[in-house]
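# Fold and contact review
Residue strings, one per chain:
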Amino acid sequence: MSNIKVNLENTGFKKEELMKYNEKVEKAHEELHSVADNEDDFVGWLHLPTNYNKEEFERIKKCAEKIKKDSEVFLVIGIGGSYLGARAVIESLTNTFYNACSNIKTPKIFFVGNNMSPNYMNDLLECIGNKDISITVISKSGTTTEPAIAFRIFREFMESKYGVDEARKRIYITTDKEKGALKTLSNEEEYETFVIPDNIGGRYSVLTAVGLLPIAVAGIDIDKLMYGAKNAEDKYNENSVKYNQCYQYAVARNILYSQEKTTEILVNYEPKMQYFTEWWKQLYAESEGKENKGIFPTGAMFTTDLHSIGQYIQEGRRNLFETVISIENPETDITIKKDADNIDGLNFVADKTMDYVNKKAMQGTIEAHVAGGVPNIIITMERLDAENLGELIYFFELSCAISGKLLGVNPFNQPGVEAYKKNMFRLLGKPGV
Ligand code: PA5
């Protein structure tokens, strides 16, 4: 069953245009599928919803149950692809005020090791106080500076709070199967360890232990998440643009890019999905932004941002297009009541629901932006649940890989990320740099 639909009616180009890319798409499809199971190519995510390690998956669930029982706080240490996917799914599928809500029984979840701010670290330590905690450290390379510094701080914190032996039982590592400093430490300390497969890069890793352990600790059904992704794997297996909506999205982006629409704004009307946008931004920016090419991916939260960057979108430079995520059925709703005095003049929406008003805001905004020269791609998902989100994650991973190939870049490397590191290490006096 198709939970995700792509609507290209507001893009300004005819659907027939898509077919001009068909040959290139078929070639890209073939290139991906022919190396999907190779150890050395970064395409392991393609068959992951079928091939995932079932033994490890059960171990993740078991560890999540232990953490839920013995911890009030769960820290996720990682940066980039090693935390954004987990955060995207957790925030999309839990209470908007998850960490602040005292009646939520699963551990509070904080993300750390994704910046170098001492304020962030000290605030977090203050906030944790005396609470029982467990931590997971996620780093494919096992050498990334931000999470390594955070782990040094929290390992010491855990060992002085619990003693070395108990701390060991509360530290969970996800890293390469054999390489890196984190793997070495993990072997020495005998931490519970999960593996990031060689052929899956950070930004494509949310459906591995990288994302699954924190997601399961938040009480989200990871079976359903994988089930949704598996639906997508089956559905988007078609090599032709004509029938494959995932590839239609990839092609539509490339058509718009060829028309000088160089910035794509992922638009949401659901604040829960703010971090989903962050995950999407990283996926597309690191995959496509290279060799002086690529669409600049950014995000907007409407209606909030209609009162800030909405002005620019309506009337600024015309190098933009929007991809709007529309959720058909809200998980909850509220009916606006009639007021006898109607002093606020709002009785015209009385008896309507907030979702109804939100949808009208969306419709009105799409009309206004399209009329203002901003093409809109609309992606509809049936509802915001684990199954749909699993499908959407796979949809964007696959369309990103195809889109990158259409653009003529390697969507699986990120050479540009090294430049700042090199300078930082030199300035810090790292030996050998
Ligand atoms: O997508 C990527 O590959 C990157 O964003 C990495 O996830 C990020 O740099 C963190 O790397 P690591 O997991 O090796 O610490």
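Since the structure is predicted, the reported quantities are computational estimates derived from the model, not experimental observations. (Residues numbered from 1 in each chain as written. Predicted model: local features only at pLDDT ≥ 70, side-chain atom pairs only at ≥ 80, totals over all residues. Heavy atoms only, no water.)

Counting secondary structure elements, the protein contains 17 helices and 10 strands. Taking 2.2 N^0.38 as the reference for a compact globule, 433 residues should give roughly 22 Å; the C-alpha atoms of the protein span a radius of gyration of 23 Å, in line with that estimate. With 51 positive and 63 negative side-chain charges, the protein shows a spacing of 2 Å between the two charge centroids. (Helix = DSSP H or I, 4+ residues; strand = E, 2+ residues; numbered from the N terminus. Rg over C-alpha atoms; globule rule 2.2 N^0.38 Å. Lys, Arg positive; Asp, Glu negative; His and termini not counted. Charge placed at Lys NZ, Arg CZ, Asp CG, Glu CD.)

Take the site of the ligand next. As a structural note, the neighbourhood of the ligand is formed by 13 residues, with Ser82, Ser139, Ser141, Thr144 and Gln282 the closest of them. Within the backbone of glycine 81, a nitrogen or oxygen atom sits 2.9 Å from an oxygen atom of the ligand. Note that an oxygen atom of the ligand is positioned 3.0 Å from one of the side-chain N or O atoms of glutamate 286. Its free accessible area being 380 Å², the ligand has 88% of it covered by the protein chains. For the shell around the ligand, the class distribution of residues is 1 nonpolar, 9 polar and 3 charged. (Near = heavy atom within 4 Å. Polar contact = N/O pair within 3.5 Å; in protein donor to acceptor, adjacent residues only side chain to side chain. Areas by Shrake-Rupley, 256 points an atom, 1.4 Å probe, with all protein chains shown as cover. Nonpolar A, V, L, I, M, F, W, Y, C, P; charged D, E, K, R; others polar.)

This part takes up the sheet that holds strand β7 (residues 263-268). Backbone hydrogen bonds are what pair the strands of a sheet, in a parallel or an antiparallel way. If you walk across this open sheet you meet the 5 strands as β1-β10-β9-β7-β8, and the pairing is mixed. In this open sheet, the two edge strands, each paired with only one partner strand, are β1 (4-10) and β8 (296-301). The average undirected angle you get between the axes of adjacent strands in this sheet is 25°. Direction of pairing for strand β9 (residues 320-329) relative to strand β10 (residues 376-383): parallel, over a ladder of 7 bridges. Bridging across to β10, serine 326 finds its partner in threonine 380. The strands touched by helix α13 (residues 274-288) within the sheet are β7, β8 and β9, with β8 carrying the most contacts at an inclination of about 175°. (Pairing = 2+ DSSP bridges. Axes fitted to C-alpha atoms, helices over the stretch in contact; angles between N-to-C directions. Contact = heavy atoms within 4.5 Å.)

So, on to the nonpolar core. Ranked by size, the top nonpolar core spans 92 residues in total, and within it Leu213, Phe276, Trp279, Leu392, Phe396 and Leu398 carry the most contacts. The leading source of residues in this core is helix α16 (residues 386-407), at 12 residues. With sequence-adjacent residues up to four places away left out, phenylalanine 276 is seen in contact with Ala88, Ser92, Ile325, Leu389, Leu392, Ile393 and Phe396. (Core = buried A, V, L, I, M, F, W, Y, C linked by side-chain atoms within 4.5 Å. Buried < 20%, exposed > 50% of the residue type's maximum accessible area, 1.4 Å probe, protein only.)

With that settled, the discussion passes to the side chain of serine 71. By the secondary structure assignment, serine 71 is in the loop between α4 (54-70) and β2 (73-77). A relative accessible area of 6% places serine 71 in the buried class. A distance of 2.7 Å separates the side chain of serine 71 from the side chain of aspartate 70, its partner in a polar contact. Leaving out residues up to four positions away in the same chain, serine 71 has contacts with Pro107, Asp132, Ile133, Ser134 and Arg170.

Such coordinate-based values are descriptive only and should not be taken to indicate function.
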